[in-house]
Amino acid sequence: MKKGQEYEGIVERVDFPGKGIVQTGDGPVTVKHSLPGQKIRLRISKARNGKAEGRLLEVLEQSPLETGSPCSLFSVCGGCTYLSLSYEEQLRLKEAQVKRLLDGVLDGQGVSWAWEGIKASPAAYEYRNKMEFSFGDREKDGELMLGMHSRGSFYDVVSVEDCKLVDEDYRQILRVVQSYFRSCGACYFHKLSHLGYLRHLLVRKASRTGEILVALVTTSQDPWGRDMAGDRGQEEDGKVREMAGNGIPVGTAGKQGAVMEGELLQGFLDALLSLEKEGRLLGKYAGILHIVNDSQADVVQSDHTDILYGQDFFYEELLGLRFQVSTFSFFQTNTQGAEVLYGIAREYVGDLGERDKTVYDLYSGTGTIAQLMAPVSRKVIGVEIVEEAVEAARQNAAENGLDNCQFLAGDVLKVLDTIEEKPDLIILDPPRDGIHPKALPKIIAYGVEQILYISCKPTSLIRDLEVFLARGYKVERACCVDQFPWTGNIETVCLLSRSQVD
């Protein structure tokens, strides 16, 4: 095969994460954004060492598994992968992906293990409790868009006013914010030039309490680009115009810039609050924030945060516990699905005996797992690198009346060297990239009888499992949980036990 060649073929299967396998007369090709059973036309984009990757050019025939999508933007928006399948078929596909990966590494562990299938999300639609929308345009110099990136594009943005992954409150907020900034003429941040103002809109909503946290993320640059727009900036210098439909005067950059940005943000706030005043929201605002982020990287982070309304956190309830969730603290994006996930984790751990065990909860986030383990443990020690999440975990534990939880801020790799108490059980819930290779030997060196590994990326899990197996651990039981319906993501839970002394 050579780069640029075109082929037609049937997608035999889809491996994690969304890699379709197509057999051609010259060998197999991996093609993203394809579904099993589809007949497609592809172009080879990479061919090296006997492996080939292709780009999907056209779906010639739909898969017999496809039943149609409820979303008009499916295949345009990059948010969903399997929305044209039935939910049952999507579950079968994801389970097969994870089982195939685990079989590849566990067939060599020499002992039997229990595969317990896939657990469905209690809600297949409108399940997300967090969304990060991006500002941009769909075509060069096109209308301002607020939504998700187009499939396969780093730059193009499509408005997702009809998104099925979130409830109507998200859609209402997206519509009013997009309309407001379109009418204002504010410019978005361009990723190549690093010029512009509007970056992201972060929306979080508690599924149980209905509280909503909204954060507008911008740069510190002029909202209308007048200090960077050359002739346009000179032409508008000294002018005052009215924002269409809002009646908010827009001044010039320089001395008036900060004042005018304040008026712009006040209009943004008023637009959001009007949804609540008019009874168009099912939930209620806990807080509305303005975050300044001047990083060149396309990430949501804060150089400075102002509270425009309310507070910078809300409360969520999970398995009888109450959690404070802030802007950047980690919390599972599917609350009902998280209850399934953590219920399985608690079942896998089982009875710890006479409450005399010390548990490590590594990569603990806001301390959800730690607090679920606290009632059956002597002490739980959580380690998390995000300081904001650690502070929230401490407050959560205090509010839930749990005095045997200790939360430490820092990198697991370094913090483990500072903890004097040794664990009897270790729970791992690392980020997508898995456990740092240098942290793995430290974790294994404790020699605990059982380790519970919760993974949001099965390929990272497989890489880490190979190390655990080589150092005397075996997998006893495993399953996966569909925390992210219609996307390519899946959670996996593995219970490991020590089979021999290393």
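Structure's up top.
The paragraphs below set out a description of the structure included in this document.

So, how was this worked out
Residues numbered from 1 in each chain as written. Predicted model: local features only at pLDDT ≥ 70, side-chain atom pairs only at ≥ 80, totals over all residues. Heavy atoms only, no water. Helix = DSSP H or I, 4+ residues; strand = E, 2+ residues; numbered from the N terminus. Rg over C-alpha atoms; globule rule 2.2 N^0.38 Å. Buried < 20%, exposed > 50% of the residue type's maximum accessible area, 1.4 Å probe, protein only. Contact = heavy atoms within 4.5 Å. Areas by Shrake-Rupley, 256 points an atom, 1.4 Å probe, with all protein chains shown as cover. Lys, Arg positive; Asp, Glu negative; His and termini not counted. Charge placed at Lys NZ, Arg CZ, Asp CG, Glu CD. Pairing = 2+ DSSP bridges. Axes fitted to C-alpha atoms, helices over the stretch in contact; angles between N-to-C directions. Expected span 1.5 Å × (residues − 1). Core = buried A, V, L, I, M, F, W, Y, C linked by side-chain atoms within 4.5 Å. Parallel < 35°, antiparallel > 145°, perpendicular 65-115°, else oblique. Left-handed = near helix turned anticlockwise from the far one by under 90°. Nonpolar A, V, L, I, M, F, W, Y, C, P; charged D, E, K, R; others polar. Polar contact = N/O pair within 3.5 Å; in protein donor to acceptor, adjacent residues only side chain to side chain. Phe/Tyr/Trp six-rings, centres within 6.5 Å; stacked < 30°, edge-to-face > 60°. Lys NZ or Arg CZ within 6 Å of the ring centre and 35° of its normal. Disulfide = S-S within 2.5 Å. Patch = residues over 30% accessible without salt bridge, like charges linked within 9 Å, V, L, I, M, F, W, Y side chains within 5 Å. Salt bridge = Lys/Arg side-chain N within 4 Å of Asp/Glu carboxyl O.

Here's the deal with the overall build of the protein
Counting its secondary structure elements, the protein contains 10 helices and 24 strands. For 502 residues, the compact-globule formula gives about 23 Å, and the C-alpha radius of gyration of the protein, at 25 Å, lands near that figure. Its C-alpha atoms put the protein at 80 × 65 × 40 Å along the principal axes. Split into buried and exposed, the 502 residues of the protein put 54% on the buried side. Partitioning the intrachain contacts of the protein with sequence separation of at least 6 by distance along the chain shows that 63% fall at a separation of at least 24. Within the structure as shown, the protein displays about 21,800 Å² of accessible surface, and the carbon and sulfur contribution to it stands at 47%. Looking at charge distribution, the protein has the averaged site of its 57 positive side-chain charges lying 4 Å from that of its 73 negative ones.

Some remarks on the sheet that holds strand β11 (residues 211–218)
Reading across the sheet, the seven strands line up as β9-β8-β7-β10-β11-β14-β15 and stay open at both edges, with mixed pairing between neighbours. Unpaired on one side and paired on the other, β9 (157–159) and β15 (304–310) mark the two borders of the sheet. On average, each strand axis in the sheet is tilted by 35° relative to the strand beside it, whichever way the strands run.

So, helix α1 (residues 87–106)
Compared with an ideal rise of 1.5 Å per residue, which puts 20 residues at 28 Å, α1 spans 28 Å between its outermost C-alpha atoms and is within 8% of the ideal. Here α1 has its buried residues at Y87, E89, Q90, L91, L93, K94, Q97, V98, L102, V105 and L106. On its buried face, α1 sits against β1 (6–15), β6 (114–119), α10 (458–470), β23 (473–481) and β24 (491–498).

With respect to the nonpolar core
Residues I173, F181, L201 and F468 are the most contacted members of the largest nonpolar core, which totals 93 residues. Tallying contributions element by element places helix α4 (residues 257–277) first for this core, with nine residues. With 44 residues, the next largest nonpolar core counts A206, I291, M373 and I427 among its residues.

Examining the packing of α1 against α10
Look at α1 against α10: their axes get within 10 Å of each other, and the N-to-C directions meet at 20°. What the angle tells us is that α1 and α10 run roughly parallel. Seen from above, α1 lies across α10 with right-handed handedness. Note on element contacts: α10 touches α1 through P458, T459, L461, I462, L465, E466 and L469, opposite V98, L101, L102, V105 and L106. The class makeup of the residues in the contact of α1 with α10 is 10 nonpolar, one polar and one charged.

Some remarks on the pairing of strand β3 (residues 27–32)
On a regular strand, one side chain projects to one face of the sheet and the next to the other, so that they alternate. Judged from the six bridges that link them, strand β2 (residues 19–24) and β3 form a sheet pairing that is antiparallel. Across the sheet, residue V22 finds its bridge partner in β3, namely V29. Between β2 and the antiparallel strand that follows it, β3, lie two residues. Pairing of β3 with strand β5 (residues 51–61), which is carried by two bridges, proceeds in the parallel orientation. Opposite T30, over in β5, you have E53 as the bridge partner.

A word on the environment of L362
The topology assignment puts L362 in strand β18 (residues 358–362). Between the alpha carbons of L362 and L408 there is a distance of 9.8 Å; along the sequence they are 46 residues apart. Setting aside its immediate chain neighbours within four residues, L362 contacts V383, V412, L416, I426, I427, L428, D429 and I443.

Some points on the side chain of N293
With respect to the helices, strands and loops of the structure, N293 is situated in the loop between β14 (284–292) and β15. Within the structure, the side chain of N293 is placed 3.0 Å from the backbone nitrogen of S295, a separation counted as a polar contact. Each residue touching N293, except ones within four places of it in the same chain, is listed here: R199, V217, T218, T219, V299, Q301 and D303.

Remarks on the sheet that holds β5
Strand order around the closed barrel formed by five strands is β1-β2-β3-β5-β4, with mixed pairing between neighbours. Sheet twist, expressed as the average angle between the axes of neighbouring strands with direction ignored, equals 50°. Examined bridge by bridge, β1 and β2 share four bridges and lie antiparallel to one another. Looking across to β2, one finds that V11 is bridged to V22.

A short note on the packing of aromatic side chains
In the structure shown here, the tally under the stated rule is 11 aromatic pairs. With a centroid separation of 5.9 Å and an interplanar angle of 55°, the aromatic rings of F323 and F331 are classed as tilted. Neither residue differs from the other here; F323 and F331 are each classed as buried. Linked through ring pairs, F135, Y180, F181 and F268 together constitute an aromatic cluster. Taking NZ or CZ as reference, R151 lies 5.5 Å from the ring centre of F74, over its face. In this arrangement the basic side chain of R199 is found over the ring face of F189, its NZ or CZ atom lying 4.1 Å from the centre.

Let's talk about the state of the cysteines
By the definition in use, this model includes zero disulfides. For the unlinked cysteine C163, the closest cysteine sulfur is that of C80, found at 6.2 Å.

What about a nonpolar patch on the surface?
Together, F154, Y155 and L192 line one region of the surface with nonpolar side chains, adding up to about 360 Å² of accessible area. We classify L192 as exposed; its relative accessible area is 68%.

With respect to a positive patch on the surface
On the surface, K19, K32, K46 and R48 cluster together into a positively charged patch. Tracing the backbone through its elements, the reader meets K46 in strand β4 (residues 39–48). Overall, the relative accessible area of 41% leaves K46 in the partly exposed class.

A look at helix α5 (residues 335–349)
Each full turn of the α-helix corresponds to 3.6 residues, which orients residues three or four apart in the same direction. Taking 1.5 Å per residue as the helical rise, α5 with its 15 residues ought to reach 21 Å, and the 21 Å between its terminal C-alpha atoms agrees with that figure. Along α5, the residues classified as buried are T335, G337, A338, L341, Y342, I344, A345, Y348 and V349. Directly after α5, the chain includes G350, whose backbone phi takes a positive value near 70°.

Concerning the environment of S179
Within the secondary structure, S179 is located in helix α2 (residues 168–184). Classification of S179 by relative accessible area gives partly exposed; the value is 46%. Taking the C-alpha atoms as reference, S179 lies 9.3 Å from L146; in sequence the two are 33 residues apart.

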